[in-house]
Structure formats: structure tokens, C-alpha cells
Protein chains: 2
Amino acid sequence: MAARHGAAALLRFATECARAAGLPEEKARDLAEVLVEGDLMGHDTHGLALLTPYLDSLAAGDMRAEGEPEVVSATPVAETWEGRKLPGPWLVRRAIAAAEKAADIFGLGAVSIARSHHIGCLAAYGPPVAARGRMLLLMCSDPATASVAPWGGTRRIITPNPVAAAWPTPEGPVLIDVSMSITTNGMTGRRRGEGTRFPGQWLLDADGNPTDDPNAFFTEPGGTLLPLGGVDAGHKGFALGLLVEALTSGLSGHGRAEAPTGWGANVFVLVLDPAKFGGAERFLAESGWMARAVHGNPPRPGFDAARLPGDGAMARKAKALAEGVALHPSIPPALEKLAARYGVALPDQVQSGSGS
Amino acid sequence: MAARHGAAALLRFATECARAAGLPEEKARDLAEVLVEGDLMGHDTHGLALLTPYLDSLAAGDMRAEGEPEVVSATPVAETWEGRKLPGPWLVRRAIAAAEKAADIFGLGAVSIARSHHIGCLAAYGPPVAARGRMLLLMCSDPATASVAPWGGTRRIITPNPVAAAWPTPEGPVLIDVSMSITTNGMTGRRRGEGTRFPGQWLLDADGNPTDDPNAFFTEPGGTLLPLGGVDAGHKGFALGLLVEALTSGLSGHGRAEAPTGWGANVFVLVLDPAKFGGAERFLAESGWMARAVHGNPPRPGFDAARLPGDGAMARKAKALAEGVALHPSIPPALEKLAARYGVALPDQVQSGSGS
């Protein structure tokens, strides 16, 4: 069986590495918690796999360790921050806290962040907000890179631009974290490495012809990721990706017009409190109806059950908390290097007594 | 050539019919303006094609003519209205005005409406908001009907749930109006009538097998519309449809848990003012960069040019304002019946001197 690690041990390890690399306590802890949460949910490209590149970025002076974001503008419900490439998990958690505080009084609150560093797994931010009865919307884009062409076009102009959301139901949170392209840069690179093709025409080659070949993305000039909806309805996915771009780079006032470089993210956080709209009880009545309508829905061929977004992530997290986290095989060797570099003890492995 | 009508003549006609049917002046005008705007933009299923069913609904007592929405809750930036089945275009325009007023001071404002009547073409609401420099998000769902199954399921639980948005660029507005299913009930009925199949597997039959056959939607029990993303990535479209459901029925506190009947809509309106975030000038610099990057993008085979969402609608509107509106052939006979029913003069046709 694969090695398993307890969540607390991984958290201790990641926090100590981040501290040793130069992050202050709170920033180190937020960064570690969000990355470990990604692994707990099974999003293994956006968990501790990011710890090495994050700390490399810190060593290179691209991620900043010290100080606070600069408040560019503020109303009682809407703030805009210059993120100064501070750690994304720390910035986003603080932005969510500020937006929740506003939502608590006004029903909604928003924070726009320019020049955050990378923010990790977007789904990881949702559960605590949903647990407090609120709705979270979280979106990001990276104006320094691009992989998706406009509808009808051939050259890259936007990123996959994820939309994440979370809200409560009486059966647990709904957690959404979906990119507005069919697939992502990471999956395309993985398929290229494996020598496999996509199950459908998920890309355009550089001439704009639909293809299932991941190599078409890596030519010069490069191919593009088709927006959600693909050849048939990709105008919709491109429209939604553009909306994310406007809510992140547009509102924050920083983006592609400035031709930025380096690893970063513009972020939009919106928190809504149902208690200040139609009422918390009525919200839960509706979200609970929906959860039951999903879970009681007769499945179609190939599915054991219909799924509410987040069901898989929450089930993986529960299993990982009970049995330990089975890290992707590429991660333990990376953690060993970090342990050596920073003089931090490796996380203990879980005893395999359970036999699972 | 098809008969063409001037926009002003159509507006006069629709307003007089709505007045004669019993709507007060302001409600009649808003309803007429939003419907004619739909035809101007070329969304001919959501323009004056709706005038007859709207006025039939009014005659049947389902659409309400008199009074105001009830304010269920209010903060300085977030209001929730019981819409009492008042005309959707009138309610939504008032909601946008309230949200803009809040955004003007606070940067954002939201209105949630339970039990609006149908709201027409969502794109029609965008241009004035964008012209005033703001961003509009507008979503709706109808809890009395369903056509989309949960991911992995077979039974209908949500509507196509459109997401609309608008914001300014120096080259004109971006206008988004896209449903979170690949196709819609209306298009499926049209294909069934024509005896044609969809270009891809855009539906599931009642057993959950993908199909391009529109008849599969009309069996008992019925098939379902696949969410945006289709067989490959429809979990994303379903997640987004569910988000619309939470923002509309969830926040408004009225929805499927109450098993409502009749024709209606729950609506979510959010207005953001970039001037209160990173600044209006910086927003336009970013949206302008993007508009130019789209319009200058080398097109792919089968496209004359890459498209910014709304380009088509704004071009059709400009042409219709210059040359008259070429109504869908099904509409003039319906208008003749309304003219006879309400004793209203038919709209003049435009002289065909231009030869177009």
C-alpha cells in the first residue's frame, strides 16, 4: 500500500518548512493549512505538490514574506487590495474574513485583490464559510500567462479562470471549483507526459483545428485549451471565462494591459449571508431540497449515484482524516528534499495496522 | 423581402397593447421596451414573441398588474423582494436601479426577487448599465419547472439557469447571456417540430443515454438537457447551474421546496461599480485591452473573426435601428391578433426603398 500520513503531521511539516524558509507564523500556517486541505480533498496537483514551488518562489523573491496588503480603496462592503505578491492562502483567508464581516452586517461583502501570489486549491476555502451559514464565491486569473483563445480565435488571451463557490445544505456543504476551460494546463502536460490523448476534442491546434492531441498545446505558436462547452458551445465557456477576467483583473485594476510577469493571481471574493436576504432557514430549506433531489436521483449508466458538487472532495477528506492521506507518489520525494533543505523532521507515516 | 418595422412603431404598439390589457403606464412601457430590445438584438424567441403569452398570463390572473413588490428584507446594499408575479421587465429594471444606487455609494448592490413573472431576454438589461460604467450580473431560474438532471442522474431537477452579465469597454459593452445547459427547452421543441437532430449529443434520454434526438426530451418520463460541458465535462455546467439556483431560489427564500406552479422566475441582480474598486480608468484599460485582443485575434477555420460576447447582438441592433426590425415570420400574425383583440393600430412597416 502507498504510504499514508496523518493530516496533523503533514500540517506540522509544511508549517515548519514555510517558517524555516522565512514566512512569519500566521502566513506559514495559512499556507500549510490550505495546501494540506487540497490533499485531503484529493486535489493532489494543488496540495503539498505546490509547497516546493511556493518556497522556491519565496527564495527567489517573487513571493513576499513580510508586511500587509495595501488597501487601494475601501467602502463598508467592498475593498480592493494591492496584494504585493504576499502568500495567496494568507491573503485569501483574510479577504474572506473581511468580506464575511461586511456580509454579517450588510448581507454581502467583496474583496478584490491585485497581485496576490498563487492561491492554491480554491475548493479548500469553502467549508468554513459554508459551516458558518454563508455563501462564498471565489474566482481568480493570472494575467501573466494565457492558454485559452477567444471564441472563433486561435491565440491565447486568458487563463482557465476557475469559478469556485460554497454554500451550506443540511447534508453538508456544496463545494464548486471548476475552470472555464474543458481541461487545464496541468492535465494537458500530464497527458503529454503519459503519451495519451484526451477523450474528446478538448483543444485547438495553433491553426484552430479541434484536436484530442495534447502535443498540439506545446507547438510554437501554441495551441489553445477549448473553453467549457467545447466545439459545440464553447462560446458560453469563453463568455464565463471573460466574466472571471473582468471580476478579477478588471475590478482589481491590474492585468494584461500592464503585461505583468511572474507567478501571481488576481482574485475576487464575494460573501453573501442568506440571513440578510430571504432568511437562513428558507435558504437551507431550498439547498436541502436540492441535496435530496440530487442524492435520490436515479443514476445513469456508468454512475453509482448522482453527485452534488463537493461530495467527492468531502468523502475523500473524511477518508483521509480517518485513515491518513495517501499522497501522490511524486510528493514524498519532494518533501524529503524540503526536509533536508530546511532541517525539518519528515512527517510520520501512519501505522498500516488498519490493513487498508 | 421580409416585412420590417421601425423600433419606435413596435414599441408604441406593444405599449398600447399592454396598456389596453390592463397594465399601468410604467409597467407597460418597461415590458414593451425589454421585449422590443430582445428583437432588436435578434433574440427572437425572447422578444415580441412573448407579448401574447405575457398578456394571456395577465388575463388569466397569473401576471399581476397592480401594486409594488413587497420588501422582505433590506440592508443599505442588499434587498429581497417578494415579486408578487408583477411583470418581470418592470421588476428587474427597478431592481437594477436599486442595486446601482447602492453600488454608487458602496461599490456593489444586490437585489434578490422571489416570484417575479418571466423576465424576457436577459441581455436586454445590460447596455444601459454598461453605458453608466457599471458591471451587471443577472441570473434567474424558474422553480415551477425543470429540464436538467444532476450530474450522473436522470431526472429533471433544475432549469437551464442563464447567467447574464454586462460591462463597459472603450469599444462598447460586453453582453453575456448564456444558459448553463448546452441547449434550451425552446430549441429542443423547435428541432422536434423541424424533425432535425442536434449537431451533437446534447441531451440524455430518460434512461440517461446521451442522444442527439430531440424527441428523447418529450417521452414520459422525459429526457433531460445535458449541462454545459456535455458528456465530457457536464459536471461543470451542472455545478454552475446549481450556483444560479442557490443565488436565485436560495437567497430569495422561495423555490422548489415549496413546489410552486405557474409561470415565474426567481432573480438575482448584482451591480458592481469599478470606480469603487480599482478605479474606472483601470477597469476600462483592462476591458479595452481584452476587446482589442479578441478583435485582433487571428480567426480559426469557419470564423470571419473572433467574437466578444455581445458583438453579434449589438451589430444586429444597429442594423435593426437603421433598417427596421425584421421580425421572425411567426410574430406578425400574432401581432395582428393582438391588434384586433385590444383595438390597437398595427405598427407601420418600414418603406422598402432601401432595397435591402
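What counts as what
Residues numbered from 1 in each chain as written. Chains lettered and ligands numbered in written order. Predicted model: local features only at pLDDT ≥ 70, side-chain atom pairs only at ≥ 80, totals over all residues. Heavy atoms only, no water. Domains from an automatic or database assignment. Contact = heavy atoms within 4.5 Å. Buried area = accessible area lost by both parts, 1.4 Å probe. Salt bridge = Lys/Arg side-chain N within 4 Å of Asp/Glu carboxyl O. Polar contact = N/O pair within 3.5 Å; in protein donor to acceptor, adjacent residues only side chain to side chain. Helix = DSSP H or I, 4+ residues; strand = E, 2+ residues; numbered from the N terminus. Nonpolar A, V, L, I, M, F, W, Y, C, P; charged D, E, K, R; others polar. Buried < 20%, exposed > 50% of the residue type's maximum accessible area, 1.4 Å probe, protein only. Least-squares fit on C-alpha atoms with pLDDT ≥ 70 in both. Pairing = 2+ DSSP bridges.

**Topic: the domain arrangement of chain A**
Residue and element names in this part refer to chain A.
Link 1 in the chain: With domains assigned, chain A is organised as domain 1 (1–66 + 324–356) and domain 2 (69–182 + 226–309).
Link 2 in the chain: The C-alpha-based centres of domain 1 and domain 2 are spaced at 25 Å.
Link 3 in the chain: Counting residues at the interface gives 21 residues for domain 1, matched by 20 residues for domain 2.
Link 4 in the chain: For the pair domain 1 and domain 2, the two sides together bury roughly 1,800 Å², of which 64% comes from carbon and sulfur.
Link 5 in the chain: Along the contact surface separating domain 1 from domain 2 lie four salt bridges.
Link 6 in the chain: A salt bridge links Glu 33 to Arg 93, with the nearest nitrogen and oxygen atoms 2.5 Å apart.
Link 7 in the chain: One can count nine residue pairs in polar contact (both at pLDDT 80 or more) joining domain 1 with domain 2.
Link 8 in the chain: Elements with a contribution of two residues or more to the side of domain 1 that touches domain 2: α2 (25–40) and α3 (51–59).
Link 9 in the chain: The leading source of residues in the side of domain 1 that touches domain 2 is α2, at eight residues.
Link 10 in the chain: Tallied by class, residues from the side of domain 1 that touches domain 2 come to nine nonpolar, four polar and eight charged.

**Considerations on the environment of A:Leu203**
All names here are of chain A.
Link 1 in the chain: Along the polypeptide, Leu 203 turns up in strand β8 (residues 203–204).
Link 2 in the chain: Along the chain, Leu 203 and Asn 215 lie twelve residues apart, while their C-alpha atoms are 9.9 Å from each other.
Link 3 in the chain: Setting aside its immediate chain neighbours within four residues, Leu 203 contacts Thr 183, Thr 188, Phe 198, Asn 209, Pro 210, Thr 211, Asp 213, Pro 214, Phe 217, Thr 224, Leu 225 and Leu 226.

**A word on the environment of B:Pro168**
All names here are of chain B.
Link 1 in the chain: Structurally, the position occupied by Pro 168 is in the loop between β6 (163–167) and β7 (174–178).
Link 2 in the chain: For Pro 168, a relative accessible area of 9% puts it in the buried group.
Link 3 in the chain: Between the alpha carbons of Pro 168 and Phe 283 there is a distance of 8.6 Å; along the sequence they are 115 residues apart.

**Some words on the relation of the copies chain B and chain A**
Link 1 in the chain: Its rotation angle being 180°, the transformation that places chain B on chain A also includes 0.0 Å of axial translation and leaves an RMSD of 0.0 Å. The transformation relating the two chain copies, once decomposed into turn and shift, fits a two-fold axis. Looking at the rotation axis and the C-alpha trace of chain B, the residue lying nearest is B:Gly229, at 2.2 Å.
Link 2 in the chain: Mapped onto chain A, 100% of the interface residues of chain B again fall at the interface, so both copies present the same surface.

**So, the sheet that holds strand β10 (residues 224–225) of chain A**
Residues and elements named next belong to chain A.
Link 1 in the chain: Within the open sheet, the three strands sit side by side as β9-β8-β10. Their pairing is antiparallel. Of all strands in the sheet, those bounded by a partner on one side alone are β9 (210–211) and β10.
Link 2 in the chain: Bridging between β8 and β10 involves two bridges; their strand directions are antiparallel. Paired with Leu 204 across the bridge in β10 is Thr 224.

**Structural notes on the interface of chain B and chain A**
Link 1 in the chain: Listed as interface residues are 91 residues of chain B and, on the opposing side, 91 residues of chain A.
Link 2 in the chain: Together, B:Lys236, B:Phe277 and B:Arg300 form the three largest contributors to the area buried by chain B at its contact with chain A, with a combined 11%.
Link 3 in the chain: In this structure, the connection of chain B to chain A is made through two salt bridges.
Link 4 in the chain: Linking chain B to chain A there are 36 residue pairs in polar contact (both at pLDDT 80 or more).
Link 5 in the chain: Looking at the side of chain B that touches chain A, the element that brings in the most residues is helix α7 (residues 230–252) of chain B, giving 17 residues.

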